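This is what each chain is made of:
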Amino acid sequence: SRPPRPHRDFIQTSAGSPHHLRVRVMQWNILAQALGEGKDAFVCCPVEALNWSERKYLILEEILTYRPDILCLQEVDHYYDTFLPVLSSLGYQGSFCPKPCSPCLDVRDNNGPDGCALFFSRRRFQLLRVSHLRLAAVMIKTNQVAIVATLQCRATGRVFCVAVTHLKARSGWEAFRGAQGSHLLQQLKAISEYGCEERTEGAEGVPLVVCGDFNAEPGEEVYQRFMASPLGLDSAYRRLSADGSTEPAYTSWKIRPSGESRSTLDYIWYSSNSLSVDGVLTMPSEEQIGPNRLPSYHYPSDHLSLVCDLSLIQEPHRLM
Ligand code: NDP
Ligand code: CA
């Protein structure tokens with residue numbers, strides 16, 4: 001029998017105003033089945049722990065434990081046969097954008113390309129518009145994608161944008177990720193301005209939430225570009241630290257033949273002038289993760305899920 005899933009506490013980071021609707025967001029690179037079995041070479045993870053027939057339940061269990069209103073996933077290579085039907089029956093609406101040339105396709109018996117997936121609660125939100133972007137690095141089309149959805153809250157009428165992306169992996173590609181990030185920021189600016197029908201002089205676009213596996217530590221160019229962008233974005237997990245401005249020590253922890261890798265790569269960005277972070281799910285401790293790191297019998301991906309509760313703090317144009 002499997003060991004229990006690590007328990008993680010939810011830390012309240014602000015009082016949260018009772019008349020503002022809370023939106024729970026989950027960001028997670030779930031580890032593509034084809035990559036986990038065929039490419040990643042996790043040396044301390046038993047192959048039996050990677051069987052899709054069991055691993056899919058661990059992924060769904062993680063999602064259902066926190067029941068996010070908005071779910072942003074990377075490395076999804078079982079969208080049509082698993083996540084879309086299961087999550088549809090649980091009240092979610094989804095959108096999937098495969099990578100143009102997914103490395104999953106190199107793996108024998110693969111289940112199709114991996115890509116980004118975005119799910120949201122149909123009860124709470126209506127989809128106004130969705131864009132599937134192929135990210136560019138300066139002028140070059142790349143193999144990385146993003147989904148940008150404009151959602152309207154059914155209860156309040158408020159409109160906001162949610163994006164999910166998975167930037168180019170590996171060291172040596174820092175400038176490439178920086179360029180992909182710039183392209184995404186430019187697209188987000190255009191889409192969020194378009195979504196704001198009641199724009200007034202000097203007003204910014206609609207509130208933004210950008211989730212992703214950026215494959216970049218906080219020191220990297222792409223992180224700095226997001227932090228400094230005119231969109232006014234901040235990273236939700238900084239709220240978890242004692243000083244309120246430090247990213248967690250890791251969001252991914254694995255052992256490959258090349259060695260152990262513990263790194264902070266995943267982020268939930270939000271418009272800090274219009275959204276507040278009311279709560280953040282803590283990261284499991286080193287002890288909870290265990291000596292063989294991730295993935296494992298009790299955690300199905302090499303990346304940890306990020307979950308936070310956001311609420312809209314400003315209603316500049318109207319009171320609803
Ligand atoms: P990336 O470099 O972005 O990485 C693809 C996946 O590999 C990611 O999901 C990443 O996971 C994972 N990964 C990262 N580091 C390692 C590692 N050390 N060992 C194993 N897996 C790792 O890939 P691209 O999207 O740029 O695609 C490149 C790959 O696609 C090629 O290797 C080839 O297999 C295939 N391909 C691509 C073509 C193209 O036009 N781009 C053409 C033909 C084939 P994480 O993000 O979690 O780190
Ligand atoms: Ca991966």
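The structure under discussion appears in the preceding block.
Description of the structure in this document. Treat the numbers as computed from the prediction; the structure is a model and nothing was measured.

What follows covers the nonpolar core. Looking at soluble globular proteins, one finds that nonpolar side chains tend to be buried together. Counting 57 residues, the largest nonpolar core has Val25, Ile70, Phe83, Phe119 and Ile268 as the members making the most contacts within it. Residue contacts for isoleucine 268: discarding those within four places in its chain leaves Val25, Gln27, Val209, Val210, Cys211, Asp234, Ser235, Ala236, Tyr237, Leu306, Val307 and Cys308. In this structure, Ile191, Ala216, Val222 and Leu233 belong to the second largest nonpolar core, which totals 24 residues.

In this section: the coordination of the calcium ion (ligand 2). Octahedral metals with six donors have ideal donor angles of 90 or 180 degrees. Tetrahedral metals with four donors have an ideal donor angle of 109.5 degrees. In this structure, Glu75 (OE) and Glu75 (OE) serve as the protein donors to the calcium ion (ligand 2), at separations of 2.2 to 3.1 Å. Examined against the element boundaries, glutamate 75 turns out to sit in strand β3 (residues 70-76).

This part takes up the sheet that holds strand β4 (residues 92-98). Sheet architecture is open: seven strands sit in the order β1-β14-β15-β2-β3-β5-β4, paired in mixed fashion. Edge positions in the sheet fall to β1 (10-12) and β4, since each has one partner strand and no second. Each neighbouring strand pair of the sheet contributes to a mean axis angle of 20°, computed without reference to strand direction. Bridge analysis of β3 against strand β5 (residues 115-121) gives five bridges, and the strand direction is antiparallel. Note on β5: the bridge partner recorded for leucine 73 is alanine 117. The sheet strands contacting helix α2 (residues 52-66) are β2 (22-29), β3, β14 (275-281) and β15 (306-312), and the helix crosses β2 at an angle near 160°. Packed on one face of the sheet, helix α3 (residues 79-89) meets β3, β4 and β5 and runs near 160° to β4.

Turning to helix α5 (residues 221-228), its buried residues are Val222, Tyr223 and Phe226. The buried residues of α5 occupy an angular sector of 100° when the element is viewed end-on, so they sit on one face. The inward-facing, buried residues of α5 abut α4 (174-194), β9 (208-213), β10 (233-235) and β13 (266-271).

A word on the packing of α4 against α5. Where α4 meets α5, the axes come as close as 7 Å, and the angle between the chain directions of the two elements is 25°. Viewed along their axes, α4 and α5 adopt a mutual orientation that is roughly parallel. Like other packed secondary-structure pairs, α4 and α5 cross with a definite hand, here right-handed. Here α4 contributes Glu174, Ala175, Arg177, Gly178, Ala179, Gly181, Ser182, Leu184 and Leu185 to the contact with α5, which in turn contributes Glu221, Val222, Arg225 and Phe226. A class-by-class count of the residues in the contact of α4 with α5 yields six nonpolar, three polar and four charged.

Right, let's talk about the packing of α2 against α3 for a bit. Remark: α2 packs on α3, axes separated minimally by 12 Å, with the N-to-C direction vectors making an angle of 40°. Compared by their axis directions, α2 and α3 come out oblique. In this structure, α2 meets α3 at a crossing whose hand is right-handed. Listed contacts from α3 to Trp52, Lys56, Ile59, Leu60 and Ile63 of α2 are Thr82, Phe83, Val86 and Leu87. For the contact of α2 with α3, a count of residues per class yields seven nonpolar, one polar and one charged.

Counting buried residues in strand β8 (residues 159-166) gives eight out of eight residues, a clear majority hidden from the surface. Side chains Val159, Cys161, Ala163 and Thr165 of β8 all project onto a buried face; the interleaved residues Phe160, Val162, Val164 and His166 project onto the opposite face, where all are buried too. In this structure, strand β7 (residues 140-153) lies alongside β8, joined through seven bridges in antiparallel fashion. Note on β8: the bridge partner recorded for valine 148 is alanine 163. Relative to β9, β8 is paired through six bridges, and the arrangement is parallel. Bridge pairing in β9 places threonine 165 opposite glycine 212.

Parameters and conventions
- Residues numbered from 1 in each chain as written.
- Chains lettered and ligands numbered in written order.
- Predicted model: local features only at pLDDT ≥ 70, side-chain atom pairs only at ≥ 80, totals over all residues.
- Heavy atoms only, no water.
- Core = buried A, V, L, I, M, F, W, Y, C linked by side-chain atoms within 4.5 Å.
- Buried < 20%, exposed > 50% of the residue type's maximum accessible area, 1.4 Å probe, protein only.
- Contact = heavy atoms within 4.5 Å.
- Donors = N, O, S within 2.8 Å, 3.2 Å for Na, K, Ca; no water.
- Helix = DSSP H or I, 4+ residues; strand = E, 2+ residues; numbered from the N terminus.
- Pairing = 2+ DSSP bridges.
- Axes fitted to C-alpha atoms, helices over the stretch in contact; angles between N-to-C directions.
- Arc of directions from axis to C-beta.
- Parallel < 35°, antiparallel > 145°, perpendicular 65-115°, else oblique.
- Left-handed = near helix turned anticlockwise from the far one by under 90°.
- Nonpolar A, V, L, I, M, F, W, Y, C, P; charged D, E, K, R; others polar.

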